[in-house]
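A structural walkthrough
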Amino acid sequence: MQKQLQARRLDKIDKNPWVVFTKLASECDAVNLGQGFPDFPPPDFAVEAFQHAVSGDFMLNQYTMAFGYPPLTKILASFFGKLLGQELHPLENVLVTVGAYGALFTAFQALVDEGDEVIIIEPSFDCYEPMTLMAGGRPVFVSLKLTPTKDRELDSSSAWQLDPTELASKFTSRTKALILNTPNNPLGKVFSKAELELVASLCQQHDVVCISDEVYQWLVYDGCQHISIATLPGMWERTLTIGSAGKTFSVTGWKVGWVLGPDRLLKHLRTVHQNSVFHCPTQNQAAVAQSFQREQLHFGQPSSYFLQFPQAMQRKRDHMIQSLQSVGLRPVISQGSYFLITDISDFKSRMPDLPGAVDEPYDSRFVKWMIKNKGLVAIPVSIFYSQSHQKHVDHYIRFCFVKDESTLQAMDKKLQEWKAELGA
């Protein structure tokens, strides 16, 4: 065929690093600490809710309302309305999507036009750039800057901060949206109120929409507080708040997400939604609705899953931090999310010439070497940066600590073997 098959909007976004590292991990039978999913069962109440949805009302096998199963949109409006300080209408202020990924894609397609600029704070989840490009927009990147702690002390993700002057310089008359991710993937940074106020002020000053990816909002550690930017003065009317049942209840395969926001924005997302996926699996939505109904009864009490789950994950984080240090890696203490990043500078200075393509960032070559030689899987942090910024961060790799105890013990075994080799 002589005509170009693919649409031009697919140019330069066909390569996916996840495919490469997942395939290599499988081939090497390595301990997978790379991909962000729990390898332990969801909470019993979520499993029971799903079983009930599958075996109960037979009409849950059929279509439901296009923009969300009514019991789910109702409980999301009730639950998050209190948190956001808004009276949410289930039909106007809530849209249920095919995971948070679907929510993001729908938002970009609905709001970003040809030539619009979208500010992306790096490090950023790697779908933001291609989604901007597919919508015809132009990504504009601004990087968090690290202020290192004292020698021998571990850095915290809170030490990565926005430069107010640099951020302000990225706003132009063409800026349509800013994408915010807190807690941040891959860094684990939880944005402070002061940082959010800076972002909010600039969005209002330049009439910019904020797309706030808050899928890890319940996973915050060490007493950190997650703040939704939509709660700040003047921000509700210009913010889309995105959440995920997968991250909330450890059911990433259910692929149920949502967007909360003013009707003036959501009506455009509904147009994209009804002309693409149309609607999400009914039984999955029913199970999520029942899980939220259970949590609403316990919220704010010691029996709350949203209290118990982060406490358990903080213990896993601390376990991983201690273990990684044993081989000379320097973890950055994550304030939130599934992840932490680790400084591999010592290895970069000791073995700078690892095999790989000429232009391949060091962290990518290191991860491939580690998978093949040490049986441990991580993800290079450079994939969370724009190409021109990758060389500045190629001494970091990302680990996922939201794993079963048996997986963390398998990690410990690999690290002890590695430590023995280093001491030989």
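This structure is a prediction, so every number in the text was calculated from the model and none was measured. (Residues numbered from 1 in each chain as written. Predicted model: local features only at pLDDT ≥ 70, side-chain atom pairs only at ≥ 80, totals over all residues. Heavy atoms only, no water.)

1. Re the packing of helix α2 (residues 44-55) against helix α10 (residues 282-298)
Threshold: Here, axes are lines fitted to C-alpha atoms. For helices the fit covers the stretch in contact, and angles between N-to-C directions go from 0 to 180 degrees. The secondary structure listing takes helices from DSSP runs of H or I that are at least 4 residues long and strands from runs of E that are at least 2 residues long, numbered from the N terminus. Throughout, the term roughly parallel applies to angles under 35 degrees, roughly antiparallel to angles over 145, roughly perpendicular to angles from 65 to 115, and oblique to all others. Each crossing gets its handedness from the near helix: less than a right angle anticlockwise from the far helix is left-handed, clockwise is right-handed. Contacts are assigned to residue pairs with any non-hydrogen atoms lying within 4.5 Å of each other. Throughout, the ten residues Ala, Val, Leu, Ile, Met, Phe, Trp, Tyr, Cys and Pro are labelled nonpolar, Asp, Glu, Lys and Arg are labelled charged, and all others, Gly among them, are labelled polar.
Relative to each other, α2 and α10 sit at 140°, their axes nearing to 8 Å. Comparing the axis directions of α2 and α10 gives the class oblique. Here the hand of the crossing between α2 and α10 comes out right-handed. Residue-level inspection shows Phe45, Ala46, Ala49, Phe50, His52, Ala53 and Val54 of α2 in contact with α10, the latter providing Gln283, Asn284, Ala286, Ala287, Gln290, Ser291 and Arg294. Split by residue class, the contact of α2 with α10 holds eight nonpolar, five polar and one charged.

2. Digging into the sheet that holds strand β3 (residues 117-122)
Put simply, the rule is: The pairing criterion for strands is at least two bridges between them, as found by DSSP.
Reading across the sheet, the seven strands line up as β2-β10-β9-β8-β7-β3-β4 and stay open at both edges, with mixed pairing between neighbours. Bordering the open sheet on either side are β2 (94-97) and β4 (138-143), each of which pairs with just one other strand. Looking at each pair of strands side by side, their axes are set apart by 20° on average, direction ignored. Lying over the sheet, helix α9 (residues 263-274) contacts β2, β8 (209-213), β9 (239-244) and β10 (257-260), oriented at roughly 30° with respect to β2.

3. Re the pattern of salt bridges
For the record, the criterion: A pair is scored as a salt bridge if a Lys or Arg side-chain nitrogen falls within 4 Å of a carboxyl oxygen belonging to Asp or Glu. Throughout this description, buried means an accessible area under 20% of the type-specific maximum (1.4 Å probe, protein chains only), exposed means over 50%, and partly exposed covers the range between.
The final tally for this structure, using the stated rule, is 18 salt bridges. The partner of Glu166 in a salt bridge is Lys145, and the shortest N-O contact between them spans 2.6 Å. Placement of Glu166 in helix α6 (residues 164-169) and of Lys145 in strand β5 (residues 145-146) is noted, with a sequence separation of 21 residues between them. Residue class for Lys145 comes out partly exposed when judged on its relative accessible area of 38%. Taking the shortest distance from any N to any O, the salt bridge between Arg264 and Glu237 comes out at 3.6 Å.

4. Quick notes on the packing of helix α13 (residues 362-374) against helix α14 (residues 405-423)
Direction vectors running N to C along α13 and α14 enclose 95°, while the axes themselves pass 11 Å from each other. In terms of orientation, α13 and α14 fall into the roughly perpendicular class. Between α13, through Phe366, Trp369, Met370 and Lys374, and α14, the contact on the second element is made entirely by Lys414, Trp418 and Glu421. When its residues are assigned to classes, the contact of α13 with α14 shows four nonpolar, no polar and three charged.

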